[in-house]
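# A structural walkthrough
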Amino acid sequence: MIAAALFTVLLAIPQMDCANYWERAYGRWTPTELAKTERGIRVRLNENSEPRRIADLYFDGSTWRQVIPTDAQAAKERQGARRQAREERCEAIPYHPPDAQTAIALRPHLRVGNTVEEKPTSCDERDGVLWFGLGFYEGEGSDGVGGVARYDPKTKQIEVRRPEWLRDKSVDRIVFDGHDLWLGAWQQYEKDEDLWGLARYDWEREELHPLAGDDAPCGFKVFDLLLENGRLWVATDLALSRLDLSTLTWAHWIPERDGTLRSGSCRPVYERVLRVASELWNCEEVFHSADLVARFAPEVARSAILREPELRSFELRAAGTVAKNAKELQGMLEHVHPAAAKEAMLAFAERKSGDPDWRNFAFSFARRSGEVAPLRYFRGDEEIFRFLISVATAGAHYRTEPAIRMLPWIGGTHSMQPLLSILDAAITNNDKEIATYAIEAIERAAHLRIEADGRTTALAANSDTPEYSDEEVGAFRRHGDIDDLRKIAAQWHRRLAL
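What you are looking at is a predicted structure, and each value in this text was computed from that prediction instead of being measured.

Here the focus is the overall build of the chain. Helix and strand counts for the chain come out as 17 helices and 21 strands. Dimensions of the chain, computed from C-alpha atoms along their principal axes, come out at roughly 80 × 75 × 45 Å. For the chain, buried positions account for 50% of its 498 residues. Taking all contacts inside the chain whose residues are at least 6 apart in sequence as the whole, residues at least 24 apart take part in 54%. In the form shown here, the chain has an accessible surface area of approximately 24300 Å², with 49% of it arising from carbon and sulfur atoms. Side chains of the chain carry 66 positive and 80 negative charges; the gap between the two charge centres is 1 Å.

Right, let's talk about the state of the cysteines for a bit. Counted by the stated rule, this structure contains three disulfides. Note on cysteine connectivity: C90 is disulfide-linked to C123, with sulfurs 2.3 Å apart. Between C90 and C123, the disulfide has an S-S torsion of -105 degrees and is therefore left-handed. Remark: C123 occurs in strand β6 (residues 119-126) and C90 occurs in helix α3 (residues 72-91); sequence separation between them is 33 residues.

The subject of this paragraph is the sheet that holds strand β19 (residues 261-264). Taken in spatial order, the five strands of this open sheet run β15-β16-β17-β18-β19, and their pairing is antiparallel. Sheet topology places β15 (222-228) and β19 at the edges, where each strand pairs with a single neighbour. Strand-to-strand twist in this sheet, taken as the mean axis angle between neighbours without regard to direction, amounts to 25 degrees. In this structure, strand β18 (residues 249-255) lies alongside β19, joined through four bridges in antiparallel fashion. By the bridge assignment for β19, W253 is matched with S263.

By the element assignment, T413 lies in the loop between α13 (397-411) and α14 (416-428). Separated by 85 residues in the primary sequence, T413 and E328 have C-alpha atoms spaced 35 Å apart.

With that out of the way, let us pick up the confidence of the model for the chain. Of all residues in the chain, 93% attain a pLDDT of 70 or more, and the chain-wide mean is 90. Considering only residues more than four positions removed or in separate chains, one finds that residues 1-14, a stretch of pLDDT under 50, has one contact.

Right, let's talk about the packing of α14 against helix α17 (residues 482-497) for a bit. α17 packs onto α14 with a crossing angle of 150 degrees between their chain directions and a minimal axis gap of 10 Å. On the basis of the axis angle, α14 is roughly antiparallel to α17. The way α14 lies across α17 gives a crossing that is left-handed. Two secondary-structure elements touch here, α14 through M416, Q417, L420, L423, D424 and I427 and α17 through I482, L485, R486, A489, W492, H493 and L496. Split by residue class, the contact of α14 with α17 holds nine nonpolar, two polar and two charged.

Before going further, it helps to spend a moment on the pairing of β15. For β15, a buried count of six out of seven residues is recorded, marking the element as mostly surrounded by other parts of the structure. Bridge count for β15 against strand β16 (residues 231-236) is six bridges, and the pairing is antiparallel. Among the inter-strand pairings, D224 is bridged to a residue of β16, identified as A235.

Here four strands make up an open sheet; going across it, the order is β11-β12-β13-β14 and the pairing antiparallel. One side of each edge strand has no neighbouring strand; the edge strands of this open sheet are β11 (170-176) and β14 (207-210). Averaged over all adjacent pairs, the angle separating strand axes in this sheet is 25 degrees, with direction ignored. By the bridge criterion, six bridges tie β11 to strand β12 (residues 180-188) in an arrangement that is antiparallel. The residue bridging R173 from the neighbouring strand is G184, located in β12.

The subject of this paragraph is the pattern of salt bridges. Per the stated rule, a full pass over the model turns up 36 salt bridges. With a shortest N-O distance of 3.8 Å, R107 and E138 are connected by a salt bridge. Placement of R107 in the loop between α4 (100-106) and β5 (115-116) and of E138 in the loop between β7 (129-135) and β8 (142-143) is noted, with a sequence separation of 31 residues between them. One salt bridge in this structure joins E328 and R302, with 2.6 Å as the shortest N-O distance. Here E328, found in helix α9 (residues 326-332), pairs with R302, found in helix α7 (residues 298-306); they are 26 residues apart in sequence, far enough to count as distant. The buried category is assigned to E328, whose relative accessible area is 15%. The exposure class assigned to R302 is buried, which follows from its relative accessible area of 14%. Within the structure, one salt-bridge network assembled from shared partners comprises E23, R28, E47, R53 and R257.

Of all eight residues in strand β2 (residues 40-47), seven are buried; the element is thus mostly enclosed. Alignment of strand β1 (residues 29-37) against β2, held across eight bridges, turns out to be antiparallel. Along β2, the bridge assignment pairs T37 with G40. Adjacent in sequence and paired antiparallel, β1 and β2 are bridged by two residues. Summarising the sheet, β2 and strand β3 (residues 54-59) pair through six bridges and their orientation is antiparallel. When the sheet's bridge partners are listed, N46 is paired in β3 with I54. The hairpin turn running from β2 into β3, its antiparallel successor, is six residues long, and R52 in that turn takes a positive phi close to 60 degrees.

A few words on the packing of aromatic side chains. Inspection of every chain in the model, using the stated rule, returns 19 aromatic pairs. Considering the side-chain rings of Y95 and F132, the 6.1 Å spacing of their centres and the 70 degrees angle between planes classify their relative orientation as edge-to-face. Placement of Y95 in the loop between α3 and α4 and of F132 in strand β7 is noted, with a sequence separation of 37 residues between them. Note on W358 and F361: the rings are 5.9 Å apart at their centroids and 80 degrees apart in plane angle, and the pair reads as edge-to-face.

Rules behind the numbers
- Residues numbered from 1 in each chain as written.
- Predicted model: local features only at pLDDT ≥ 70, side-chain atom pairs only at ≥ 80, totals over all residues.
- Heavy atoms only, no water.
- Helix = DSSP H or I, 4+ residues; strand = E, 2+ residues; numbered from the N terminus.
- Buried < 20%, exposed > 50% of the residue type's maximum accessible area, 1.4 Å probe, protein only.
- Contact = heavy atoms within 4.5 Å.
- Areas by Shrake-Rupley, 256 points an atom, 1.4 Å probe, with all protein chains shown as cover.
- Lys, Arg positive; Asp, Glu negative; His and termini not counted.
- Charge placed at Lys NZ, Arg CZ, Asp CG, Glu CD.
- Disulfide = S-S within 2.5 Å.
- Pairing = 2+ DSSP bridges.
- Axes fitted to C-alpha atoms, helices over the stretch in contact; angles between N-to-C directions.
- pLDDT = per-residue confidence, 0-100.
- Parallel < 35°, antiparallel > 145°, perpendicular 65-115°, else oblique.
- Left-handed = near helix turned anticlockwise from the far one by under 90°.
- Nonpolar A, V, L, I, M, F, W, Y, C, P; charged D, E, K, R; others polar.
- Salt bridge = Lys/Arg side-chain N within 4 Å of Asp/Glu carboxyl O.
- Phe/Tyr/Trp six-rings, centres within 6.5 Å; stacked < 30°, edge-to-face > 60°.

Encoded structure:
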């Protein structure tokens, strides 16, 4: 009886069509390819649902003309051939990935378990010189270091630049306007991806600027770029945008259901993504939607979040990304369980750890919830340092590990003696897990790794910072037994006694 009643209730709950998410949130058509023609430009649109048609739109400078290819398969094959030709031009560049030492200096986690396999993934020719971006797949033992570069076929010389923001990202599309490189960036993982939109790199000044808000195209993923008569055209997953390079003003066209384009603004497009995600809240596909809108259109996300009486899980990190100050974030999280609020707190800490109200809010949150991660940027704060020691020695592993990991971030070399005490207690209790965490934390605080036999390896000067630790996850994980850890502890006792 009870089971039958429950089944009836479940049937009454509206079923969410997650398979239809893309079309509802992003629109029925997506601009995917741009090309110059004798009369202007051509925009290829691909349909996001059956029957998966294609449409070509031609722009002569004032009006749009739509052409539906009579032979769609042939048109798709021509598109594939053009894509292959572009890839072959990039593959001809005699580029070689950096050696292991150089790669590790740029991305420390490459020290262990990864082969460096980045390669030219997009290139653009100007005055006989090829400008290109690097791309790589991160997963299954493969990784790389992102960057932009120029290749002169006459001299056979390659010059590579690796701005910090780009090192963990791939360049999917690139064009050079004679002064700046415009590039579409993303990250590709084994079962996921992260989208970073459009960025501009000033080659002369060596400055990279990711674009967002009113200074950016509409959309998250850049499918194609085209320079034409002093204008930059950008085809994305949400719209077609055009930047006038002389005035730096944007124009946007939004795909309609019939495969045409209408002039419009970005805000309604981003609002649609958030609205559909809210309607399909239990679909896995929506989980990054709020994060993406927060990244590319923070004011749109902020307005939507402030209207919510209680945030859903997929909105939490976005709240920390867009909150203007700690007081506003506190109001956003008023009805959120502390365990769920952690992501929002971390996102805010990354941006605004210097907010005058943040320290008290974050410390109160940590004492109440036991979640210490939001305290990560309070280096030198003695009260927080003592609190972390108390958590690190409390005995609950799921709380202990984050606190041990953070001690070098807050206390620097001052954390080494408390960490050694934690290590000794763990070895006495045959607790390999805690002993491993403590050794890694001591190493980061000392900028030095010591092996059981006394051999040493210097770590980077910033090894006691969260940024270094985040980038280098697992690079120094110990795999020996408790006897090996006991020998390492003895090495540290001898060293600290000197």
